[in-house]
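Here is what each chain is made of, one letter per residue.
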Amino acid sequence: MILTLFHLTLALLNIISTTRRGSILAGVVVLYCLTSFVGGYTAVRLYRQMNGKNWVRCILLQAALFPAPVVTVFLWVNSLALAHGSTSALPFTAILTVVALYVFVSFPLTVFGGIMAKNYASADFDAPTRTTKVAREIPTEVPFYRGRPFQVVIAGFLPFSAIYIELHYIFASMWGHQIYTLFGILFLAFVLLVIVTSFITVALLYFQLAREDYRWWWTTYVNGGMTGVFIFLYSFYFYFQRSGMNGVLQGSFYFGYMSIVSLAFFLMLGAAGFQFSMVFVRYIYSRIKSD
């Protein structure tokens, strides 16, 4: 989330050249490394508030959760590009630079953020009301529109519909020959996406709690991240109906990198939905009078 906001702000201020794709990608890599501290800090802080004990494992998971899929996809598509003699294959020096940035900047900042959270962040969850140790029985017979499959579709479709038009131009710029320059509109679309995703996640959470289903934590994360799944599904439509691409090499590049983009949206918007939902849960249960 912080990476995206910083990157869009730098693009608006023309600090990052928006007419060169290489500068945009380089900005993403550098900003990801520099904002790794935020990821390590927030991950360990929340993990300890949830009574987690193995905070070192939490840091390692945080450091590998997104880079590991990126490396896997990159090794596959870059190997294909080398095998086909394509100029899209990254040279060895560029790969070495990215590896050095991760090893000497991103990973140490993630560890440093985790250590700071362990030593200075409060580990008290500060629940707004008391809880019972005996779990309540969750009703199993609910109407279909209150079931998980239906709510998952709604949670992804509504935010996706808010960015559909802008997403089309972004796809045309990424995979076509167009240059995207409307970063002001893109910034507003991103803010709108976060707001809509958070509000819909909170609304679905309210309906879930109303039917006496208290297991809200992973549900809100998945509901918030479903927009990333819809973006990946839309990529199939764009590839077969709009792009004109074909072949193993182009298909591997397209679907490989679109899976990474969709994963990034899933992680980012899922975290946003969860954080807003936790604020909402704290607020409504703090209004409960219990002796």
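In the block above lies the structure referred to throughout.
Brief notes about the side chain of Arg211
Part 1 of the argument: When you line up the elements, Arg211 lands in the loop between helix H8 (183-210) and helix H9 (217-243).
Part 2 of the argument: If sequence neighbours within four positions are ignored, Arg211 has contacts with Pro139, Val142, Arg146, Arg148 and Gln151.

So, the packing of H8 against H9
Think of two packed helices as two axes; the pair is described by the angle between the axes and how far apart they sit.
Part 1 of the argument: One way to put it is that H8 packs onto H9 with a least axis distance of 9 Å and a crossing angle of 145°. Note on packing geometry: the crossing formed by H8 with H9 is right-handed. Where H8 abuts H9, its residues Leu193, Thr197, Thr201, Leu204, Leu205 and Gln208 lie against Thr219, Thr220, Asn223, Gly224 and Thr227.
Part 2 of the argument: Taken together, the residues that form the contact of H8 with H9 break down as three nonpolar, eight polar and no charged.

Here's the deal with the packing of helix H7 (residues 148-175) against H8
Part 1 of the argument: Look at H7 against H8: their axes get within 9 Å of each other, and the N-to-C directions meet at 175°. Judged by the angle between their axes, H7 and H8 are roughly antiparallel. On H8, the residues touching Gln151, Ile154, Ala155, Leu158, Pro159, Ala162, Ile163, Glu166 and Ile170 of H7 are Ile185, Leu186, Ala189, Leu192, Leu193, Val196, Thr197, Ile200, Leu204 and Phe207.
Part 2 of the argument: For the contact of H7 with H8, a count of residues per class yields 16 nonpolar, two polar and one charged.

A short note on a nonpolar patch on the surface
Part 1 of the argument: Taken together, the side chains of Met1, Ile2, Phe6 and Val38 define a hydrophobic patch exposed on the protein surface, amounting to about 310 Å² of accessible area.
Part 2 of the argument: Position of Val38 relative to the elements: it lies in helix H3 (residues 36-49).

Remarks on the state of the cysteines
Part 1 of the argument: Considering all chains together, one arrives at zero disulfides under this definition.
Part 2 of the argument: Left unpaired, Cys33 is separated from the closest cysteine sulfur, that of Cys58, by 19 Å.
Part 3 of the argument: Accessibility expressed as a relative area gives 14% for Cys58, which makes it buried.

A short note on the pattern of salt bridges
Part 1 of the argument: All chains considered together, the criterion is met by three salt bridges.
Part 2 of the argument: Its salt-bridge partner being Arg136, residue Glu212 comes within 3.5 Å of it at the nearest N-O pair. Within this pair, whereas Glu212 is found in the loop between H8 and H9, its partner Arg136 is found in the loop between helix H6 (92-120) and H7, the two being separated by 76 residues in sequence.
Part 3 of the argument: Residue Glu212 is classed as partly exposed on the basis of its relative accessible area of 39%.

Some thoughts on the environment of Val103
Part 1 of the argument: By the secondary structure assignment, Val103 is in helix H6.
Part 2 of the argument: In this structure Val103 comes out as partly exposed when scored by relative accessible area, which is 42%.
Part 3 of the argument: Separated by 82 residues in the primary sequence, Val103 and Ile185 place their C-alpha atoms 35 Å from one another.

Some thoughts on the packing of aromatic side chains
What describes a pair of aromatic rings is the distance from one ring centre to the other and the angle between the planes of the rings.
Part 1 of the argument: For the coordinates displayed, the defined rule picks out 26 aromatic pairs.
Part 2 of the argument: With centroids separated by 6.2 Å and ring planes inclined at 25°, the aromatic side chains of Phe37 and Tyr41 adopt a geometry described as stacked. Taken together, the positions of Phe37 and Tyr41, both in helix H3 and four residues apart, correspond to about one turn of that helix.
Part 3 of the argument: On the basis of relative accessibility, which here comes to 27%, the residue Phe37 falls in the partly exposed class.
Part 4 of the argument: Aromatic pair Tyr239 and Tyr254: ring centres 5.1 Å apart, planes at 40°, arrangement tilted. Note that Tyr239 is positioned in helix H9 and Tyr254 in helix H10 (residues 248-286), a separation of 15 residues in sequence. Residue Tyr239 shares its accessibility class with Tyr254, and that shared class is buried.
Part 5 of the argument: The structure contains a cluster of three or more aromatic residues connected by ring pairs, namely Phe157, Phe160, Tyr164, Phe171, Phe230, Tyr234, Tyr237 and Phe238.

Quick look at H7
An α-helix turns once every 3.6 residues. As a result, residues three or four positions apart point the same way.
Part 1 of the argument: The terminal C-alpha atoms of H7 lie 34 Å apart, and with 28 residues this falls more than 12% below the ideal 40 Å at 1.5 Å per residue.
Part 2 of the argument: Taken residue by residue, H7 has Gln151, Val152, Ala155, Gly156, Pro159, Phe160, Ile163, Glu166, Leu167, Phe171, Ala172 and Ser173 as its buried positions.
Part 3 of the argument: Buried residues along H7 sit in contact with helix H2 (21-34), H8, H9 and H10.

As for H9
Part 1 of the argument: Taking 1.5 Å per residue, 27 residues should reach 39 Å; H9 reaches 38 Å between its end C-alpha atoms and fits that length.
Part 2 of the argument: For H9, the principal kink sits at Gly225 and spans about 35°.
Part 3 of the argument: Directly after H9, the chain includes Gly244, whose backbone phi takes a positive value near 75°.

Criteria and cut-off values
Residues numbered from 1 in each chain as written. Predicted model: local features only at pLDDT ≥ 70, side-chain atom pairs only at ≥ 80, totals over all residues. Heavy atoms only, no water. Helix = DSSP H or I, 4+ residues; strand = E, 2+ residues; numbered from the N terminus. Contact = heavy atoms within 4.5 Å. Axes fitted to C-alpha atoms, helices over the stretch in contact; angles between N-to-C directions. Left-handed = near helix turned anticlockwise from the far one by under 90°. Nonpolar A, V, L, I, M, F, W, Y, C, P; charged D, E, K, R; others polar. Parallel < 35°, antiparallel > 145°, perpendicular 65-115°, else oblique. Patch = residues over 30% accessible without salt bridge, like charges linked within 9 Å, V, L, I, M, F, W, Y side chains within 5 Å. Areas by Shrake-Rupley, 256 points an atom, 1.4 Å probe, with all protein chains shown as cover. Salt bridge = Lys/Arg side-chain N within 4 Å of Asp/Glu carboxyl O. Disulfide = S-S within 2.5 Å. Buried < 20%, exposed > 50% of the residue type's maximum accessible area, 1.4 Å probe, protein only. Phe/Tyr/Trp six-rings, centres within 6.5 Å; stacked < 30°, edge-to-face > 60°. Expected span 1.5 Å × (residues − 1). Bend = angle between axes of the 7 residues up to and from the residue.

Limitation: the analysis is restricted to geometry and does not speak to function.
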